[in-house]
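What follows is each chain in one-letter form.
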Amino acid sequence: MHESEGSGGESLIILQSLLCLLREKNLLTRADIEELCDRVSTVAKHADCAPFPCSEKLATAAADEMARIGSHIGNRYGGKHRKGAYTPHN
């Protein structure tokens, strides 16, 4: 990792690996991952009034990354979508 990537890079790798492991062991469903994507996206849309202080730019980047992770996990491990329409976030 380059110094310019900051300390968040290590955390991201750990969390990505954890989400994959939890999905692999069926502790998280595809629907759970989709719900998590939506929650992160909601925080990004309302960063100014989120329960935990965050930067709108960082929250939007997190939502984009969560959508990417969700798409990867969905393609790799499959599973049922949540009830209702699911639209990946871009």
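See the structure shown above.
Values in this document were obtained by computation on a predicted structure and should not be read as measured data. (Residues numbered from 1 in each chain as written. Predicted model: local features only at pLDDT ≥ 70, side-chain atom pairs only at ≥ 80, totals over all residues. Heavy atoms only, no water.)

The N-to-C vectors of helix α1 (residues 8-24) and helix α3 (residues 56-77) enclose an angle of 30°; their axes lie 11 Å apart at closest approach. As for the relative orientation of α1 and α3, their crossing is right-handed in sense. Across from L12, Q16, L19, C20, R23 and E24 in α1, the residues of α3 making contact are E65, M66, R68, I69, H72, I73 and Y77. Residues of the contact of α1 with α3, tallied by class, amount to seven nonpolar, two polar and four charged. (Axes fitted to C-alpha atoms, helices over the stretch in contact; angles between N-to-C directions. Helix = DSSP H or I, 4+ residues; strand = E, 2+ residues; numbered from the N terminus. Left-handed = near helix turned anticlockwise from the far one by under 90°. Contact = heavy atoms within 4.5 Å. Nonpolar A, V, L, I, M, F, W, Y, C, P; charged D, E, K, R; others polar.)

Following the criterion strictly, the structure yields three salt bridges and no others. Two residues, R39 and E35, come together in a salt bridge whose shortest N-O distance is 2.8 Å. Remark: E35 and R39 occur in helix α2 (residues 30-45); sequence separation between them is four residues, near one turn of the helix. Between E65 and R68 there is a salt bridge whose closest N-O contact spans 2.5 Å. Of this pair, E65 and R68 both sit in helix α3, separated by three residues, roughly a single helical turn. (Salt bridge = Lys/Arg side-chain N within 4 Å of Asp/Glu carboxyl O.)

Interpretation in functional terms is not warranted from these geometric data alone.
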